[in-house]
Number of protein chains: 2
Amino acid sequence: MADAKPAVSFIGLGAMGFGMATHLVKQGYTVTGFDVWAPTLERFKAAGGLIAASPAEAVADKQFCVCMVATPQQAQSVLIDGPDAAITAFPQGTVVLLSSTVPCEYVQSLQKQLESLGRSDILLVDSPVSGGVARAADGTLSIMAGMSDAALEKARPLLAELADPKKLYIVEGGIGAGSNMKMVHQVLAAVQILAASESLGFADQLGLDLAKAQSAVLASDAWNWMFEHRTPRMLTEYKPIASAINIIMKDTSIITAEGRRSGFPTLLTSTAEQVYFSGIARGFGPDDDSSLIRLYTEGKGKIGPVKGLASSEEEKLALVVDLLKGITLCAAAEALAFAKAVGLDLEQVFELCINAAGGSRLLEKSGPEIIKAFKEGTVENGWSTTEGGLSLKEISDKLQAAVEEAQRLKAPLFLGTQALSVIKLALGSGGDGLAAGAVVKVWGTF
Amino acid sequence: MADAKPAVSFIGLGAMGFGMATHLVKQGYTVTGFDVWAPTLERFKAAGGLIAASPAEAVADKQFCVCMVATPQQAQSVLIDGPDAAITAFPQGTVVLLSSTVPCEYVQSLQKQLESLGRSDILLVDSPVSGGVARAADGTLSIMAGMSDAALEKARPLLAELADPKKLYIVEGGIGAGSNMKMVHQVLAAVQILAASESLGFADQLGLDLAKAQSAVLASDAWNWMFEHRTPRMLTEYKPIASAINIIMKDTSIITAEGRRSGFPTLLTSTAEQVYFSGIARGFGPDDDSSLIRLYTEGKGKIGPVKGLASSEEEKLALVVDLLKGITLCAAAEALAFAKAVGLDLEQVFELCINAAGGSRLLEKSGPEIIKAFKEGTVENGWSTTEGGLSLKEISDKLQAAVEEAQRLKAPLFLGTQALSVIKLALGSGGDGLAAGAVVKVWGTF
C-alpha cells in the first residue's frame, strides 16, 4: 500500500544503494534518488524511482533520508557542505539514516555539526549495513544501528524494511556504536578476505588442485564465510567483479585508523592492510578482491629449485586447512578484543558476526570462551582446555608446520606468519595447556 | 714469513671466501682452494693460490680448513657426504673453521656427525663472519667464534689473521654459540636492510628529494649502518650489486626458523621475510637488496588521487626519520630479546652489533637500558624515562604520524606498521612514562 508508506530520499545509488533503494520502491515507497553519476539515475528512474538533480532537491519535503555514499568525505559533501547539500533543505525532524561504512569518529562529528548548525531536530541514525548486493536488493541486510531512543522510534519501520528481521541489531551506545559494530565486523572481513587468497594461493604453491583444496577447507574448522564466497571466483579468473579490492581496502583503513586512535594494536588487520596497499600499487584496486591470490602465486616455478617436505595430497590439504584455522582464530580474537576495547556488547557482536559475512567456524568455537573470559575478568589466566575443546598449542604447532613449508617454498604468508607470531606471544614460554581462545591474552590489557 | 705459516685449505671461493682466501695468500699462507665453479678457481690461481679438484684433495695434509660455502646443504655436501667429501681426507686433528652463516642447529649436528663418524679428533670452530667483501679481503672482518678450548688454542692465530683485532669475538657456549651470535646480528641486518628501502621509498611517496631525505636520516637518531650503506645504491639504480636479495632472504629464514624452533616470536624479522619472499617472487632475487625500494614506490601516481597532510619539506623529512626510528628501536629490542632467549652474553652482543653492519643509533641509545632490565629482572616494570632519555610514547606518537600519512597515500609500510603494533603492545593501555627500551616488554617472557 503505497499511500501508507512515507516518502524517502536516497542519496548514493552505487551497487548497494541501488539495491536498497529499488527494494524500497518495490515495497511501495516513493523514493527520490540522487547520485553524481547520471546513468545510475536513469537506471533508477527505469526501476520506478523518482530522481533529483541535487541532494537538497532529493530531501526536500521528505521525512526520511537514507545516505549510502562510499566515503565520509562524500557524506560530508552531500549532507553538509557540498553544492546544494541536503542540510539546506531537510524538513524539520527528518530522520537521516547514514548507512555508509564510516569511522565512528565521523558519524559522531556529523551529529555535533548538526547541533552546531542549529539542526538538533534532525534525528540521525548510525546504521551501517552488511550482506552484499543481493541481500541489499532483497531487503534482508544485516543492519547495525546506533541512535537516540527518539530516532529509533521513528526509524525502526524503515530499518525493518531494509534488514532481515533476525539481522537488525540495535546497538547500545547511540551515535557511533553502529559504526563501531560494523568496524569490528570488518576486522573479520578484512582478514578473512585476504586469508582466502593466502590459503588458496598456498594450496597452489603446494601443487594442489584448487577445487580440492577449496572443498577440504569448506568441510573443516577453517570454514569461514569469506572463503566460501570468494574462492569460487578464484577459479573463474576473478569474475564477476563482486567486491573490489578498493572497497575492502577502504574499510580496512577505517579499522586501523580507529585502532591507532584508541591505542588498540590491530595486529592482523594492519598486516592485511599493507598487502591491500601492495595490491593497489600493482594496479589491482578495481579488480575483484578474490584476485589477491595473484600476490601469493606469482613466484611459483620462477624462483629456482625449491622443495617442500609434504608429499601426499592429504598432508598438503591439512597444511592449507591448518594455515586458515590459525588465521581465523586470531581474527576472531582481534575482533572480540577490539569490540571490548570500544565498549560494545560482546554477545551482540558474536551473534551478529557469526550470522554475517564475518562468520567463521573458529569464531563459533572459540568466541564464547573469549567472551566469558572478558566477562569474568580471567583473560590473563583460567584458560585450561575443556573436554573436546581446541588446544592453542596444537593450533600453533600445525600452523607452524604450514609456515615452515611456505618458507621452504619461499612463498609469502603474510597473515599466517603474523598469526603464528601472535599465538607465540600468547603461549609465552609455556602454554601447553591453554585453550585456543587464550590467544586473546595478547590484547588482554586493552 | 711464509715458512712460519701453516698450509690451509679453503672450500668455497664466492665473494666473501675469495676475499678471505686471497688475504691469507697475501699474508704468506699456502692456501689450497676448492670451489664448484671453475672460473673462480682459475682466478684464485692467478691470485697466488693453489687449487684442488675436490674437497678431499683440498684438505689432504693440511692442518687447517676454512669452509665458506653459502648454505648448510653445501657445507654438509663438501664436508661430509658429497662426492670426495673432505671427511675422507682430513688429517688427524685438523682445525675446521665453518664460517658460512648456518643455523646453530646445523653446526651442532655437524659436531655430532663428526663424533659418530669416529672423528672426534677434528677441532670444529663455529665461526661465522660479518663485514662484507672489502673487509674480507682486508682481513678485518668481524668474527664470532664458538668452540672448545682446545680448538680455540689452535684456531686463534688463523682467526686473528682474518679478523679486525678489535672485532674477533670469542662467544661463550661452544659450538652453536657463534652461529647464534651471527643470527642475532642478522635480526638487525634483516630488518634494517628492508627498512632502508621502506624509509626512502616512503620519502619518495612523500615527494621528497631522496638525497635530502638520506642526509636527514644520516644526521638523525634514525641512523643505522645498513641505511648508510644501502641507500647510495638506491640513487644509482641499485648498482653495483653488492649483496643480493637472495642472500639476506636466506639469513632471514635462518632467524625465523630458529625463532620457531625455540618458541620466540620474531615479529619484525618475520614481517621482513614475507616482503623478501614477495620480492623474489617478482624475480628480484639476484638484484642488489637496495632495489627493494621498488616494492614501496611502484604505486606512486598510479592509484588515483591521494593526498597527505604534511606540507612542508621539514615535516616530511621528520616523518621519514620518525618512521625509521620506530623500526630500528623495535629491531634492537627484538635482537636483544632473542639473544637473551638463546642464552648469549648481552653485553657482548651489544658490543659486536654496534660495531658491525647491524649498528644503529637506537641500539646504542636504548640497548644499555634493555640489557640492564634483563640483568636485573625488571623487564616487566622499572621503565621510567631517564633524564635526557627517549620516551616510548613519544616515539610511538611520531611513528604513528608516519603510518597515518602513509595510509593517506595508500603506501605500504610493512615494518613501520608492525613496529607501531609492537610498541602499542608494550605501551598497553597507558605507558606514558615508559623509556624507549620498554618496548622489549613484548618479548619479556621468552
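In this text the structure is predicted, and so the values were computed from the model without any measurement. (Residues numbered from 1 in each chain as written. Chains lettered and ligands numbered in written order. Predicted model: local features only at pLDDT ≥ 70, side-chain atom pairs only at ≥ 80, totals over all residues. Heavy atoms only, no water.)

Draft legend 1. The overall build of chain A, seen in detail. If you tally the helices and strands in chain A, you get 18 helices and 9 strands. A compact globule built from 446 residues should have a C-alpha radius of gyration of about 22 Å, and chain A, at 23 Å, falls within 12% of that. Principal axes of the C-alpha set define a box for chain A whose edges measure 70 × 50 × 35 Å. Relative to its 446 residues, chain A shows a buried fraction of 65%. Taking the intrachain contacts of chain A between residues at least 6 apart in sequence as the baseline, contacts between residues at least 24 apart amount to 74%. Of the roughly 15800 Å² of accessible surface on chain A, a fraction of 53% belongs to carbon and sulfur atoms. (Helix = DSSP H or I, 4+ residues; strand = E, 2+ residues; numbered from the N terminus. Rg over C-alpha atoms; globule rule 2.2 N^0.38 Å. Buried < 20%, exposed > 50% of the residue type's maximum accessible area, 1.4 Å probe, protein only. Contact = heavy atoms within 4.5 Å. Areas by Shrake-Rupley, 256 points an atom, 1.4 Å probe, with all protein chains shown as cover.)

Draft legend 2. Inspection of the packing of aromatic side chains at higher detail. All names here are of chain B. Enumeration over the complete set of coordinates arrives at 11 aromatic pairs over all chains. Summarising the aromatic geometry, the rings of tyrosine 296 and phenylalanine 414 are spaced 6.2 Å apart at their centres and angled 75° between planes, so their arrangement reads as edge-to-face. With a gap of 118 residues between them, tyrosine 296 in helix H13 (residues 294–297) and phenylalanine 414 in helix H18 (residues 414–427) connect regions that are remote in the sequence. For the pair tyrosine 296 and phenylalanine 414, one class covers both residues: buried. (Phe/Tyr/Trp six-rings, centres within 6.5 Å; stacked < 30°, edge-to-face > 60°.)

Draft legend 3. Representation of the UniProt feature "domain: 3-hydroxyisobutyrate dehydrogenase-like NAD-binding" (unreviewed entry) in chain A in the model. Residues and elements named next belong to chain A. Per the UniProt record, the feature "domain: 3-hydroxyisobutyrate dehydrogenase-like NAD-binding" (unreviewed entry) sits at residues 176–296 and 319–442. End-to-end, the C-alpha atoms of residues 176–296 are 36 Å apart, and along that stretch the chain is 69% helix and 0% strand. What you have in residues 319–442 is 64% helix and 0% strand, and the ends, taken at the C-alpha atoms, are 25 Å apart. (UniProt positions renumbered as here; feature names shortened; annotations may be inferred.)

Draft legend 4. Structural context of the domain arrangement of chain A. Residue and element names in this part refer to chain A. Per the domain assignment, the segments making up chain A are domain 1 (2–175) and domain 2 (181–443). If you average the C-alpha positions of domain 1 and of domain 2, the two centres end up 33 Å apart. Facing the 17 residues of domain 1 at the interface are 14 residues of domain 2. Between domain 1 and domain 2 the total buried area reaches about 1400 Å² when both faces are included, carbon and sulfur atoms providing 62% of it. The three residues of domain 1 that bury the most area against domain 2 are Thr101, Met144 and Tyr169, which together make up 37% of that side's buried surface. Joining domain 1 to domain 2, the criterion identifies 1 salt bridge. Where domain 1 touches domain 2, the interface holds 6 residue pairs in polar contact (both at pLDDT 80 or more). Of all elements in the fold, only helix H5 (104–116), strand S7 (129–130), strand S8 (141–147) and strand S9 (163–170) reach the threshold of two or more residues within the side of domain 1 that touches domain 2. Sorting elements by how many residues they give to the side of domain 1 that touches domain 2 places S9 first, with 3 residues. Tallied by class, the residues present in the side of domain 1 that touches domain 2 amount to 10 nonpolar, 4 polar and 3 charged. (Domains from an automatic or database assignment. Buried area = accessible area lost by both parts, 1.4 Å probe. Salt bridge = Lys/Arg side-chain N within 4 Å of Asp/Glu carboxyl O. Polar contact = N/O pair within 3.5 Å; in protein donor to acceptor, adjacent residues only side chain to side chain. Nonpolar A, V, L, I, M, F, W, Y, C, P; charged D, E, K, R; others polar.)

Draft legend 5. Quick look at the relation of the copies chain B and chain A. The operation relating chain B to chain A is a screw motion whose rotation component is 180°, with 0.0 Å of axial translation and a residual RMSD of 0.0 Å. Seen this way, the second copy is the image of the first under a two-fold rotation axis. Interface overlap between copies: 98% of the residues of chain B at the interface are likewise at the interface in chain A, consistent with a symmetric, same-surface contact. (Least-squares fit on C-alpha atoms with pLDDT ≥ 70 in both.)

Draft legend 6. How the structure looks around the side chain of serine 142 of chain B. All names here are of chain B. As for its placement among the helices and strands, serine 142 is situated in strand S8 (residues 141–145). Serine 142 sits in the buried class, given a relative accessible area of 1%. At 2.9 Å, the side chain of serine 142 and the side chain of arginine 135 are in polar contact. Excluding residues within four positions of it along the chain, serine 142 makes contact with Pro128, Val129, Ser130, Arg135, Lys167, Asn355 and Ala356.

Draft legend 7. Summary view of the interface of chain B and chain A. Listed per partner, the contact involves 44 residues of chain B and 43 residues of chain A. For the pair chain B and chain A, the summed buried area comes to about 3500 Å², and 62% of that belongs to carbon and sulfur atoms. In this structure, the connection of chain B to chain A is made through 2 salt bridges. Linking arginine 260 of chain B and glutamate 404 of chain A is a salt bridge whose minimum nitrogen-to-oxygen distance equals 3.3 Å. At the surface where chain B touches chain A, the tally comes to 19 residue pairs in polar contact (both at pLDDT 80 or more). Within the residue set of the side of chain B that touches chain A, elements represented by two or more residues are helix H11 (245–262), helix H12 (267–281), helix H17 (392–409) and H18 of chain B. Take the side of chain B that touches chain A: its biggest share by element is 10 residues, from H12 of chain B. Taken together, the residues of the side of chain B that touches chain A break down into 18 nonpolar, 17 polar and 9 charged.

Draft legend 8. Examining helix H5 (residues 104–116) of chain B more closely. Residues and elements named next belong to chain B. Counted at 1.5 Å a residue, the expected span for H5 with its 13 residues is 18 Å, and the 19 Å between its end C-alpha atoms agrees. Residues of H5 that are buried include every one of Cys104, Tyr106, Val107, Leu110, Gln111 and Leu114, and no others. Phi for glycine 118, located one or two positions after H5, is positive at around 80°. (Expected span 1.5 Å × (residues − 1).)

Draft legend 9. Quick look at the packing of helix H8 (residues 177–205) of chain B against helix H10 (residues 225–234) of chain B. All names here are of chain B. Where H8 meets H10, the axes come as close as 9 Å, and the angle between the chain directions of the two elements is 45°. On the basis of their axis angle, the class for H8 and H10 is oblique. The handedness of the crossing between H8 and H10 comes out as right-handed. Contacts between H8 and H10 involve Ala189, Gln192, Ile193, Ala196, Ser197, Ser199 and Leu200 from the former and Met226, Phe227, Arg230, Thr231 and Met234 from the latter. Looking at the contact of H8 with H10, its residues break down into 7 nonpolar, 4 polar and 1 charged. (Axes fitted to C-alpha atoms, helices over the stretch in contact; angles between N-to-C directions. Parallel < 35°, antiparallel > 145°, perpendicular 65-115°, else oblique. Left-handed = near helix turned anticlockwise from the far one by under 90°.)

Draft legend 10. Spatial organisation of the sheet that holds strand S2 (residues 30–34) of chain B. Residue and element names in this part refer to chain B. Read across the open sheet, the 6 strands follow the order S3-S2-S1-S4-S5-S6; overall the sheet is parallel. What marks the edges here is a single partner per strand, and that holds for strand S3 (50–51) and strand S6 (123–126). Pairing geometry for strand S5 (residues 95–98) and S6, over 4 bridges, is parallel. Paired with valine 95 across the two strands is leucine 123, which belongs to S6. (Pairing = 2+ DSSP bridges.)

Draft legend 11. Just the sheet that holds strand S7 (residues 129–130) of chain B, in detail. All names here are of chain B. With mixed pairing, the 3 strands of this open sheet are ordered in space as S7-S8-S9. The two strands at the open ends of the sheet, each matched to only one other strand, are S7 and strand S9 (163–170). When S7 meets S8, the two strands line up antiparallel, connected through 2 bridges. Bridge pairing in S8 links valine 129 to isoleucine 143.

Draft legend 12. Representation of the environment of glycine 358 of chain B within the structure. Residue and element names in this part refer to chain B. Along the chain, glycine 358 turns up in the loop between helix H15 (346–354) and helix H16 (361–376). Sequence-wise, glycine 358 and alanine 190 are 168 residues apart; in three dimensions their C-alpha atoms are separated by 8.9 Å. In this structure, glycine 358 is in contact with His185, Leu188, Gln192 and Cys353, ignoring residues within four places of it in sequence.

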